[in-house]
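The lines below spell out each chain.
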Amino acid sequence: MSTDRGNPCPSPSSSPPGDALWPEFCDHLSAAFTEARLDVSLSNRAENPETVDYIIYAPGGIITDFTPYTRCKMVQSLWAGVERYVSS
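Throughout this description, residue numbers start from 1 for each chain and increase along the sequence as written. Under the rules for a predicted model, residues below a pLDDT of 70 receive no local features and side-chain atom pairs below 80 are neither given nor counted, while totals for whole chains, interfaces and linings still include all residues. Heavy atoms from the whole structure form the basis of all side-chain values; hydrogens and water molecules are not counted.

Draft legend 1. Summary view of the pattern of salt bridges. Counted as salt bridges are all cases of a side-chain nitrogen of Lys or Arg within 4 Å of a carboxyl oxygen of Asp or Glu. All told, the structure shown has two salt bridges when counted by the stated rule. When the shortest N-O distance is used, the salt bridge between Asp-53 and Arg-71 registers 2.7 Å. Of this pair, Asp-53 sits in the loop between helix H1 (22–35) and strand S1 (54–57) while Arg-71 sits in the loop between S1 and strand S2 (74–77), and the two are 18 residues apart along the sequence. Think of it in three bands: residues with accessible area under 20% of the maximum for their type are buried, residues over 50% are exposed, and the middle band is partly exposed, with areas taken using a 1.4 Å probe on protein chains only. Since its relative accessible area comes to 8%, Asp-53 is described here as buried. By relative accessible area, Arg-71 is classed as partly exposed at 43%. Residue Lys-73 pairs with Asp-53 through a salt bridge whose shortest N-O separation is 3.4 Å. Taken as a pair, Lys-73 in the loop between S1 and S2 and Asp-53 in the loop between H1 and S1 lie far apart in primary sequence, 20 residues in all. Judged by relative accessible area, which is 57%, Lys-73 ranks as exposed. In the salt-bridge network here, residues are joined through shared partners; they are Asp-53, Arg-71 and Lys-73. Helix and strand definitions here come from DSSP, where helices need a minimum of 4 consecutive H or I residues and strands a minimum of 2 consecutive E residues; each element is numbered from the N-terminal end.

Here you go:
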């Protein structure tokens, strides 16, 4: 995967309430991936869910159904508890 080095944390003009912390989390994640020398693409939108390998999930964000993410290997929640989304 590649990272848009000019803007590693793209943010759309309209975001749901759960995305309010996206810029802060993205900056930290981008720095950690760079330090670990991992070449990733970070986004809070997935135009093609079937191409997503990993999800870092914030309840209240745009993802309410994980079914389209057929290639996803892992979902990491930013909050404790999985009761709300484990069935998806």
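Draft legend 2. Local environment of the nonpolar core. One finds Val-52, Ile-55, Tyr-57, Ile-63, Phe-66 and Tyr-69 forming the largest nonpolar core, which totals six residues. Counting five residues, the second largest nonpolar core, distinct from the first, contains Cys-9, Trp-22, Val-40 and Leu-42. Among buried residues, the Ala, Val, Leu, Ile, Met, Phe, Trp, Tyr and Cys ones that are joined through side-chain atoms within 4.5 Å form a nonpolar core.

Draft legend 3. Layout of the pairing of S1. Residues Ile-55 and Tyr-57 point to one face of S1 and are all buried, whereas Tyr-54 and Ile-56, pointing to the other face, are not buried. Pairing geometry for S1 and S2, over four bridges, is parallel. When the bridges of S2 are listed, Ile-55 appears paired with Val-75. Pairing between two strands is assigned when DSSP locates at least 2 bridges connecting them.

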